[in-house]
Amino acid sequence: MNYRAIITDIEGTTSRISFVTDVLFPYAAKHLPEFIRQRQAEPAVATELETVRKLMQQANADTESCIAQLLTWIADDKKVTPLKTLQGMVWADGYKSGAFTGHIYPDVASKLADWHSQGIQLYVYSSGSVAAQQLLFKHSDVGDLTPLFSGYFDTRIGAKREVAAYAAILQQLQLPPRQVLFLSDVTAELDAACQLGIATMQLVRESQSPGKHPIAHDFYQVQEIMQ
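All residue numbers refer to positions counted from 1 along the written sequence of the respective chain. This being a predicted model, a pLDDT of at least 70 is required before a residue's local features are given, and a value of 80 or more before pairs of side-chain atoms are given or counted; all residues contribute to the totals for chains, interfaces and linings. Note that water and hydrogens are dropped before the side-chain values are worked out from all heavy atoms of the structure.

Engineer: Describe the overall build of the protein chain, and please don't skip the residues or the numbers.
Structural biologist: Strands here are runs of E lasting at least two residues and helices are runs of H or I lasting at least four, both read from the DSSP assignment and numbered beginning at the N terminus. Per the secondary structure count, the protein chain includes nine helices and six strands. Taking 17 Å as the expected radius of gyration for a compact globule of 227 residues, we find that the protein chain reaches 18 Å, a close match to that expectation. Overall, the protein chain is about 55 × 35 × 30 Å in size when its C-alpha atoms are taken along their principal axes. Residue exposure (1.4 Å probe, protein chains only): buried if accessible area is under 20% of the type maximum, exposed if over 50%, otherwise partly exposed. Out of the 227 residues in the protein chain, the part that is buried amounts to 52%. Each radius of gyration is computed over the set of C-alpha atoms, and the globule rule expresses the reference value as 2.2 Å times the number of residues to the power 0.38.

Listed below in structure tokens is the structure:
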């Protein structure tokens, strides 16, 4: 493969979408309220709650109002940065306690290790916070995969369907777009990356709707198609 870097999405690409919807989201919804009540005075948590109040446009909102807003965002699957950060903190407790492990498709673990051994830089770009991404790969079904990655990107770099986000990523990677491959199951994300000349491939593992991009059903096919 003539790429110096591969950027991968998580949901629907490296991991089952249902892992997030059926395991992570319910766990956060159940444990987030008490987590905030107990740890709201900690600087990291307090900072995120202030951001929640700004987004609510209610500077004096009390803790319970913030919790209610966060639970609404979870139910609506909103890609809101303070929610993602706080969810990551709650999930950290779940991973470390052994309540669950991060789902990774077997082909993903195998090919990531293969690409890493070839000297290809591996990155993650997901709407989940960087901390949540690292937790999933550190506590994956097959063990700690974090040594394989060179870096992580989340919504702080920009929205995944906006061209500007991929321009910012390219600036950080300091690589020509043609030397970068982006893997995702979402055509709108691939469309945005493609506008900059980044190579793209759509993972169709479940019920995703195919777009105009090359299609692979697993990471083994990614290797075959892009050779």
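From this point, the narrative continues.
Engineer: Describe the packing of helix α1 (residues 17-39) against helix α4 (residues 81-97), naming the residues involved and giving the relevant values.
Structural biologist: Note on geometry: axes are lines fitted to C-alpha atoms, helical ones only across the stretch in contact, with angles between N-to-C directions running from 0 to 180 degrees. In the contact formed by α1 and α4, the axes pass within 8 Å of each other and the chain directions differ by 95°. The orientation of α1 with respect to α4, classified from their angle, is roughly perpendicular. Two secondary-structure elements touch here, α1 through F19, L24, F25, Y27, A28, H31, L32, F35, I36 and R39 and α4 through L83, K84, L86, Q87, M89, V90, W91, D93, G94 and Y95. Considering only residue class, the contact of α1 with α4 consists of 14 nonpolar, three polar and three charged. An angle below 35 degrees is read as roughly parallel, one above 145 as roughly antiparallel, one from 65 to 115 as roughly perpendicular, and any other as oblique. Working rule for contacts: check all heavy atoms of both residues, and any pair within 4.5 Å makes them a contact. As a working rule, the residues Ala, Val, Leu, Ile, Met, Phe, Trp, Tyr, Cys and Pro are called nonpolar, Asp, Glu, Lys and Arg charged, and the rest polar, with Gly in that last group.

Engineer: Mind laying out α1, listing which residues take part and the relevant values?
Structural biologist: Note on bend: the value at a residue is the angle between axes fitted to the seven residues ending there and to the seven starting there. The sharpest bend along α1 reaches about 45° and sits at H31, with the proline P33 one to four residues further on. Those residues of α1 that sit buried are F19, V20, L24, F25, Y27, A28, L32, P33, F35 and I36. As for α1, its buried residues are in contact with α2 (43-56), α3 (63-75), α4 and α6 (130-138).

Engineer: I'd like to hear about the pairing of strand β5 (residues 199-203), residue by residue, with values.
Structural biologist: The element β5 is extensively covered by neighbouring structure, given that five of its five residues are classed as buried. Judged by which residues are buried, β5 turns out to be covered on both faces: A199, M201 and L203 on one side and T200 and Q202 on the other are all buried. Judged from the four bridges that link them, strand β4 (residues 180-184) and β5 form a sheet pairing that is parallel. Looking at the pairing, L181 lines up with A199 of β5. Look down the strands so they point away from you; if going from the first strand over the helix to the second traces a clockwise path, that crossover is right-handed. One crossover worth recording links β4 to the parallel β5 by way of helix α8 (residues 187-194), and it is right-handed. Relative to strand β6 (residues 215-216), β5 is paired through two bridges, and the arrangement is parallel. Across the sheet, Q202 pairs through a bridge with I215, a residue of β6. A pair of strands is considered paired only if DSSP assigns at least 2 bridges between the two.

Engineer: For the packing of aromatic side chains, give the residues involved together with the corresponding values.
Structural biologist: Only Phe, Tyr and Trp rings are paired, with Trp represented by its six-membered ring, and only when their centres lie within 6.5 Å; those with planes under 30 degrees apart are stacked, over 60 edge-to-face, the remainder tilted. With the rule as written, the count across this model stands at nine aromatic pairs. Relative to F100, the ring of Y95 lies with its centre 4.7 Å away and its plane at 75°, an arrangement referred to as edge-to-face. Linked through ring pairs, Y27, Y95 and F100 together constitute an aromatic cluster. To sit over a ring, a charge needs its Lys NZ or Arg CZ within 6 Å of the ring centre and within 35 degrees of the ring normal. Here K160 stacks its cationic end above the ring of Y125, 5.4 Å away from the centre of that ring.

Engineer: Could you give an account of unusual backbone geometry, with specific residues and numbers?
Structural biologist: Backbone geometry places D77, a non-glycine residue, at a positive phi of 55°. With respect to the helices and strands, the residue D77 is situated in the loop between α3 and α4. Given the relative accessible area of 36%, D77 is considered partly exposed. Positive phi is not limited to glycine here, since Q174 has a value of about 55°. Positionally, Q174 belongs in the loop between α7 (163-173) and β4. Classification of Q174 as exposed rests on a relative accessible area of 62%.

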